[in-house]
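# Fold and contact review
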Amino acid sequence: MPGSIQSIERAAAVLRLLGGAGRPLALVEVAAPLDLPRPTAHGILRTLRDVGFVDQDRDTGRYSLGAGLRQLHGGWDGHELRSRAMNWADSLAGSSGHEVLLGMPASSGSGTAGVEVVHHVFRPDGSRQRLRTGQVLPLHASAVGKCLLAFAPVAVPPLHQLDLQRYTGRTVVTVGLLTEHLAVARHRGWAGELGEHRTGVGGVAAPVRTGGGLVVGALGVEGPVEELYSGGVPVPRLVDQLANAAREISAGLEVAR
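Residues numbered from 1 in each chain as written. Predicted model: local features only at pLDDT ≥ 70, side-chain atom pairs only at ≥ 80, totals over all residues. Heavy atoms only, no water.

### Things to note about helix H3 (residues 38-50)
For H3, built from 13 residues, the straight-helix expectation of 18 Å at 1.5 Å per residue is met to within 8% by its first-to-last C-alpha distance of 18 Å. Those residues of H3 lying buried are Ala41, Gly43, Ile44, Leu45 and Leu48. Buried residues along H3 sit in contact with helix H1 (6-21), helix H2 (27-31), strand S1 (54-56) and strand S2 (63-65). Just beyond H3, the residue with positive phi is Gly52, at close to 90°. (Helix = DSSP H or I, 4+ residues; strand = E, 2+ residues; numbered from the N terminus. Expected span 1.5 Å × (residues − 1). Buried < 20%, exposed > 50% of the residue type's maximum accessible area, 1.4 Å probe, protein only. Contact = heavy atoms within 4.5 Å.)

Pasting the structure below:
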């Protein structure tokens, strides 16, 4: 078996040093105690800063532990994800003419395995609508849910543990068929559903990623199946708009980390 990886050991030592210091440290204060050359210490600190595990004060240049470490335990906070995604989600609703959902894996405290809507944008037609923020949608029967199953399988329950409840005549209720749907979604880069949760209402969803490609949520568009799809395939313009919005949100999350 191969031995330990020195660069990871050094990064861990830097984090422990910063965590126990009680104050921000200068580069020399990190390098000296760990017997590291300054260029090596600087490279480690820069990389840890880029992934959000270390913060650097713009005025003093000193280093301290970053907010990214706190997010390791519970992932992204729904309120923070919403605040960083809402401008693009709102714009997507305006350009597509349909309602937009931003979903994350439902917290364990909800008591339900599903995808929680953390941001909902009304379709811009002035019709009477109900705010869906906080609603928990089924993973197997919604576009945002299928998106999480396809692109963030570690963050959601295994397929065999899901309650594959039938909501409409189109709902996928077998693990085998759901597995096929998810394989297609991964190949295309987005997930879709044609009236599987609500009769006549379809959806398309794309993954929202943070640094390193980790999927933390799903951005989806919902509307009448006949307006979103043509011949069983989403309207290309809609897919392009959705993919662009998801990319822009993801780019913002990488910067935030």
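Next comes the rest of the description.
### Side note on the nonpolar core
Within the largest apolar cluster, 27 residues are counted, with the highest numbers of intra-cluster contacts made by Leu81, Leu92, Val100, Leu102, Val208, Leu219 and Leu242. Sort the elements by how many residues they give to this core and helix H9 (residues 236-256) lands first, with seven residues. Ignoring anything within four residues of it in the chain, the contact list for Leu102 reads Leu81, Arg82, Ala85, Glu116, Val117, Val118, His119, Val208, Ala218 and Leu219. By size, the runner-up hydrophobic cluster in this structure holds 25 residues, among which are Leu101, Leu139, Phe151 and Val215. (Core = buried A, V, L, I, M, F, W, Y, C linked by side-chain atoms within 4.5 Å.)

### Focus: the environment of Leu48
Residue position: Leu48 is located in helix H3. A C-alpha to C-alpha distance of 7.8 Å links Leu48 and Ala11, two positions 37 residues apart in sequence. Every residue in contact with Leu48, bar those within four places of it in the chain, is listed here: Ala11, Val14, Leu15, Phe53 and Val54.

### Considering the side chain of Arg132
Here Arg132 is to be found in the loop between strand S4 (115-121) and strand S5 (136-137). Looking at Arg132, the relative accessible area reads 5%, which means it is buried. At 2.9 Å, the side chain of Arg132 forms a polar contact with the side chain of Glu222. When neighbours within four sequence positions are excluded, Arg132 is seen to be in contact with Glu99, Leu101, Val117, His120, Leu137, Arg198 and Glu222. (Polar contact = N/O pair within 3.5 Å; in protein donor to acceptor, adjacent residues only side chain to side chain.)

In short, geometric facts, not functional conclusions.
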